Amino acid sequence: MADLGAYRAYVNRHRAFVLEEAIKLGIPLRGRVHDLSKYRDDEMVAYAEYFYGGHPRGAVPQAVQDAFDLAWLLHQKRNDHHWQYWVLREDSGATKVLAMLDGARREMLADWRGAGLAITGEDNTAAWFRKNRPNILLHPDTLAWLERELG
């Protein structure tokens, strides 16, 4: 059984760090409303079961994985601060990457910094981005902005 309280505490801690970073980036309102969809049952329960359900990494039951995948997809599509929100899969099968709006990209950076602070206690965003960059689809304008911000 998932520990909803532990997951809720993590989300609260993460949101507090994101708010601090959002204020620094000039988007305090976005920081205040960041990740509110994670409190919805269709995200909260699946995330809690996946991360706080006592399943060993790499051995998550398929039903739990499937529920998490759907919750993650819902979260991405509800929240424009995720780069995946800006990836358009066209009917032809082609993939088009759209430029993120300024507020969304600032919140994405605040989110990444807040996640590092909530999980490790450190802002390891630049190193995390370098490691994960090959798997992240970004419009050239968004990428150039991120690279300037991250140094």
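Higher on the page you've got the structure.
Residues numbered from 1 in each chain as written. Predicted model: local features only at pLDDT ≥ 70, side-chain atom pairs only at ≥ 80, totals over all residues. Heavy atoms only, no water.

### Considering the pattern of salt bridges
Okay, so step 1: In total, this model carries eleven salt bridges according to the counting rule given.
Okay, so step 2: Among the salt bridges present, the one from Arg-106 reaches Asp-102, with a minimum N-O distance of 2.8 Å. In this pair, Arg-106 and Asp-102 both sit in helix H5 (residues 102-120), four residues apart, roughly one turn of the helix.
Okay, so step 3: On the basis of relative accessibility, which here comes to 22%, the residue Arg-106 falls in the partly exposed class. (Salt bridge = Lys/Arg side-chain N within 4 Å of Asp/Glu carboxyl O. Helix = DSSP H or I, 4+ residues; strand = E, 2+ residues; numbered from the N terminus. Buried < 20%, exposed > 50% of the residue type's maximum accessible area, 1.4 Å probe, protein only.)

### Thoughts on the nonpolar core
Okay, so step 1: If you look at the biggest cluster of nonpolar residues, it comprises 19 residues, and the most contacted ones within it are Met-108, Trp-112, Phe-129, Leu-138 and Leu-146.
Okay, so step 2: Going through the elements one at a time, helix H1 (4-24), H5 and helix H7 (140-150) are the ones with two or more residues in this core.
Okay, so step 3: With five residues, the top contributor of residues to this core is H5.
Okay, so step 4: If you look at the next biggest cluster of nonpolar residues, it comprises 13 residues, including Tyr-7, Tyr-10, Val-11 and Ala-46. (Core = buried A, V, L, I, M, F, W, Y, C linked by side-chain atoms within 4.5 Å.)

### Observations concerning the packing of H5 against H7
How two helices sit against one another is set out by the angle between their axes and by the gap between those axes.
Okay, so step 1: Two elements in contact, H5 and H7, have axes separated by 11 Å at closest approach and are oriented at 45 degrees. In terms of orientation, H5 and H7 fall into the oblique class. By crossing handedness, the relation of H5 to H7 is classed as right-handed. Contacts between H5 and H7 involve Asp-102, Arg-105, Arg-106, Met-108, Leu-109, Trp-112 and Arg-113 from the former and Asp-141, Thr-142, Trp-145, Leu-146, Glu-149 and Leu-150 from the latter.
Okay, so step 2: When grouped by side-chain class, the residues that make up the contact of H5 with H7 number six nonpolar, one polar and six charged. (Axes fitted to C-alpha atoms, helices over the stretch in contact; angles between N-to-C directions. Parallel < 35°, antiparallel > 145°, perpendicular 65-115°, else oblique. Left-handed = near helix turned anticlockwise from the far one by under 90°. Contact = heavy atoms within 4.5 Å. Nonpolar A, V, L, I, M, F, W, Y, C, P; charged D, E, K, R; others polar.)

### Things to note about unusual backbone geometry
Okay, so step 1: Backbone geometry at Asp-35 places phi at a positive 60 degrees, although glycine is not the residue there.
Okay, so step 2: Relative to the helices and strands, Asp-35 is located in the loop between helix H2 (28-33) and helix H3 (41-52).
Okay, so step 3: For Asp-35, a relative accessible area of 1% puts it in the buried group.

Honestly, it's all geometry; don't read function into it.
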